[in-house]
Amino acid sequence: MFQRYVFLCFLAIHQSYAVTIGPVADLVVANAQVSPDGFTKSAVLAGGTLPGPTITGQKGDAFKINVTNYLNDDTMLLGTSIHWHGLFQNHTNQMDGTAFVTQCPLAPGHSFLYNFSAGDQVGTYWYHSHYGVQYCDGLRGPLIIYDPNDPYRLLYDIDDESSVITLMDWYHVPSPQVQRQVAPDSVLINGIGRYQGGPDMPYAVIHVQPFKRYRFRLLNMACKPNYIFSIDNHNFTIIEVDGQYVKPLVVDSIQIYAAQRYSFILEANQPVDSYWVHADPNTGTNATAILRYAGSPTVDPQNRTTPNSLALNETDLHPLYPPPPTLLQEDADVKLNLVLGKNESSYNFLINGVQYTPPSIPVLLQLLSGDMAASELAPHGSLYTLPQNKVIEISWNPDNSPGRPHPFHLHGHSFAVIRSAGSTSYNYVNPVIRDTVTTGVAGDYVTIRFITDNPGPWMLHCHIDWHLYTGMAVVFAEALQEVAASQPFSNSSKQLCPIFDSLPQQNFPLPPPN
């Protein structure tokens, strides 16, 4: 069985078309040798592909993804977990896939069924390992929930696996060996890239038909960089942000931070030809792919690059449907100020003076035990209890934290961005709703709001995975008294920790300061 899987894996990573599965599927996590930029290395793959297969469903579908762990390369983590980024997991907190918050990692040789409903959520999401920095070794892929009642359906002709665009960083050493301040070796666009001094790998090609309208779904699945994304001679009409419909906004470039997603409509109305697709990272070297019209010769595009004049500004994004009025009331019920900083000796990250360290017992299990006071819950200093059905306002002070800008993601919720990076004004009328926001640079004071309507422990963390790994996270224990009543804890979830705890521990020390 395992040899047959390895053979299928070899075939899959050499095929040029997108692999699509779901909403009910088996997903094998295993090591394989890959060379997406011409450099061969061992990776962690979901379903045998890089990126992993696109998981799809329709609004209201039940997702049942049976994950089997075949990992055996001990230069990387051998356990695993999978987080379904952007999905709220109402009443299924145990399916959130966050190691040591909602579960213990899945041990090699074992399977776990992630069984959840996305409710009314639709749009562009993704999945990735949420254990250490494992997703930087490859375990990441798109997750798309189609909406049969899409309000913008008449504005485009094509929306399928061919119109999904993924951006991610790639490193030539196993993730536990990546040092601080190291730039990625390459950028992968739809799983293909080039590195400096490496072979001339074929460019990723995005095919379009003349005069057709495409809903492209752009995902930043990187561990570190943000990218400025553009396509020569083409504008984009943004219609969705992180799973939320927005009023149409025309731009010619999108700065997309780690873990963010955008849907935009592109009209293939330019002369039949090939055009450069650009993904320029804030660290590392620029990357290109090709947008190729049917009927154009299979040659590299001419260099038509011109300065972008309609760059996306987050404050110009507004929700198509207004949020609940209580969310934008004059004052919030609870206000939290998160000061980002660093330990001056270790250079690990701090939030309000505390470095996040994963607890030995997942937070969810601590809550379900019923015999721990809120003050006793671990991780101490990084866990905040929040009352139920209240408006929570979070603000960030990033002035003393290196590695800015930090994109923060909140599990279990979307939120209103009351104040965006680069802005000094507050929007209590029509702020964009999303689940991942950049907290900007020194002098910014990004502010968000959400409602505590989803009992359970939910992580809030920087989605530069190296920053999360070195302490930039907190956990919100939401509606403590309601957690046990909100969901039955499954037998398969109960078995994860005893199995994992019986394994020899892997020790990957945090990278030294430099």
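On the basis of which strands lie adjacent, the open sheet formed by four strands has the order E3-E2-E5-E7 and mixed pairing. Pairing within the sheet leaves two strands with one partner each, and these edge strands are strand E3 (41-46) and strand E7 (111-117). Put simply, the sheet's adjacent strands are angled 20° from each other on average, direction ignored. Pairing analysis gives six bridges linking strand E2 (residues 24-34) to E3, with the strands arranged antiparallel. Note that in E3 the partner of Gln 33 across the bridge is Ser 42.

What follows is about the packing of aromatic side chains. In the structure shown here, the tally under the stated rule is 24 aromatic pairs. Taking the centre distance of 6.2 Å and the plane angle of 85° together, the rings of Tyr 131 and Phe 500 count as edge-to-face. Of the two residues, Tyr 131 sits in the loop between strand E8 (123-129) and strand E9 (140-146) while Phe 500 sits in helix H5 (residues 491-501), which places them 369 residues apart along the sequence. Across the pair, Phe 500 and Tyr 131 agree in class, each one buried. Ring centres of Tyr 152 and Tyr 245 lie 6.1 Å apart, and the angle between their planes is 70°; this geometry places the pair in the edge-to-face category. You can see Tyr 152 sitting in the loop between E9 and strand E10 (164-170) and its partner Tyr 245 sitting in strand E16 (residues 244-251), a full 93 residues away along the chain. Ring pairing ties together the aromatic residues Phe 63, Trp 84, Phe 112, Tyr 114, Phe 116 and Tyr 127, which thus form one cluster. The side chain of Lys 41 reaches across the aromatic face of Trp 170, ending 4.8 Å from its centre. We note Arg 194 situated over the ring of Tyr 203; from NZ or CZ to the ring centre the distance is 4.0 Å.

Let's shift gears to the pattern of salt bridges. What the rule picks out here adds up to 15 salt bridges. A salt bridge links Glu 393 to Arg 449, with the nearest nitrogen and oxygen atoms 2.7 Å apart. A residue pair is termed long-range when its members are at least 10 positions apart, and Glu 393 in strand E24 (residues 391-397) and Arg 449 in strand E29 (residues 447-451) qualify at 56 residues. Each member of the pair, Glu 393 together with Arg 449, is buried. If you follow the salt bridges from partner to partner, you end up with Asp 150, Asp 159, Arg 215, Arg 217 and Glu 240 in one network.

On to H5, then. Taken as a whole, H5 has its buried residues at Ser 493, Leu 496, Cys 497 and Phe 500. Projected down its long axis, H5 shows its buried positions confined to an angular sector of 80°, all on one face. Facing away from the buried side of H5 by over 90 degrees, the exposed positions are Asn 491 and Pro 498.

Reading across from one edge, E12-E20-E19-E14-E17 is the order of the five strands in this open sheet, with mixed pairing throughout. A single partner strand is all that each edge strand has here, and the edge strands are strand E12 (205-208) and strand E17 (254-256). Direction aside, the axes of adjacent strands within the sheet are offset by 25° on average. With five bridges joining them, strand E14 (residues 227-231) and strand E19 (residues 274-281) adopt antiparallel strand pairing. The partner of Phe 229 across the bridge, within E19, is Ala 279.

Looking now at the nonpolar core. Of all hydrophobic cores here, the largest spans 82 residues; its most connected members are Ile 238, Ile 254, Ile 394, Trp 396 and Phe 476. Among the elements that line this core, the one with the most residues is E10, at five residues. Beyond its immediate chain neighbours, meaning those up to four positions away, Trp 396 contacts Leu 338, Leu 340, Phe 408, Val 437, Thr 439, Asp 444, Tyr 445, Val 446, Ile 448 and Leu 460. Judged by nonpolar contacts, the second largest core, of 40 residues, contains Ile 21, Val 44, Ile 65 and Cys 104.

The subject of this paragraph is the side chain of Ser 493. Within the secondary structure layout, Ser 493 lies in helix H5. We classify Ser 493 as buried; its relative accessible area is 5%. In contact with Ser 493, other than residues within four places in its own chain, are Gln 94, Met 95 and Phe 112.

What follows deals with the state of the cysteines. A complete count under the given rule lists two disulfides for this structure. Here Cys 104 connects covalently by a disulfide to Cys 497, the sulfurs 2.1 Å from one another. Between Cys 104 and Cys 497 the sulfur-sulfur dihedral comes to about 90°; the bridge is accordingly right-handed. A residue pair is termed long-range when its members are at least 10 positions apart, and Cys 104 in the loop between strand E6 (82-85) and E7 and Cys 497 in helix H5 qualify at 393 residues. As far as burial versus exposure is concerned, Cys 104 and Cys 497 are alike and both buried. The disulfide bridge from Cys 136 ends at Cys 223, spanning 2.2 Å between sulfur atoms.

Turning to the environment of Gln 179, a few remarks are in order. Within the secondary structure layout, Gln 179 lies in the loop between E10 and strand E11 (186-189). The class for Gln 179 is partly exposed, based on a relative accessible area of 35%. A C-alpha to C-alpha distance of 37 Å links Gln 179 and Arg 304, two positions 125 residues apart in sequence. Beyond its immediate stretch of four places on either side in the chain, Gln 179 contacts Pro 511 and Pro 512. From its side chain, Gln 179 meets the backbone oxygen of Gln 177 in a polar contact 3.0 Å long.

Moving on: the side chain of Asn 454. Inspection of the secondary structure assignment puts Asn 454 in the loop between E29 and strand E30 (456-462). Among the residues examined, Asn 454 registers a relative accessible area of 1% and is labelled buried. Reaching out from Asn 454, the side chain makes a polar contact with the backbone oxygen of Phe 88 at a distance of 2.9 Å. Polar contacts involving the side chain of Asn 454 include one to the main-chain carbonyl oxygen of Gly 412, which spans 3.1 Å. When neighbours within four sequence positions are excluded, Asn 454 is seen to be in contact with Phe 88, Gln 89, Asn 90, His 91, Gly 412, His 413 and Glu 478.

Taken over all residues, the pLDDT of the chain has a mean of 94, while the share at 70 or more is 96%. Here residues 1-17 is a poorly scored stretch, pLDDT under 50, and it has 20 contacts once near neighbours within four places are set aside; other chains count.

The rules behind these values
Residues numbered from 1 in each chain as written. Predicted model: local features only at pLDDT ≥ 70, side-chain atom pairs only at ≥ 80, totals over all residues. Heavy atoms only, no water. Pairing = 2+ DSSP bridges. Helix = DSSP H or I, 4+ residues; strand = E, 2+ residues; numbered from the N terminus. Axes fitted to C-alpha atoms, helices over the stretch in contact; angles between N-to-C directions. Phe/Tyr/Trp six-rings, centres within 6.5 Å; stacked < 30°, edge-to-face > 60°. Buried < 20%, exposed > 50% of the residue type's maximum accessible area, 1.4 Å probe, protein only. Lys NZ or Arg CZ within 6 Å of the ring centre and 35° of its normal. Salt bridge = Lys/Arg side-chain N within 4 Å of Asp/Glu carboxyl O. Arc of directions from axis to C-beta. Core = buried A, V, L, I, M, F, W, Y, C linked by side-chain atoms within 4.5 Å. Contact = heavy atoms within 4.5 Å. Disulfide = S-S within 2.5 Å. Polar contact = N/O pair within 3.5 Å; in protein donor to acceptor, adjacent residues only side chain to side chain. pLDDT = per-residue confidence, 0-100.

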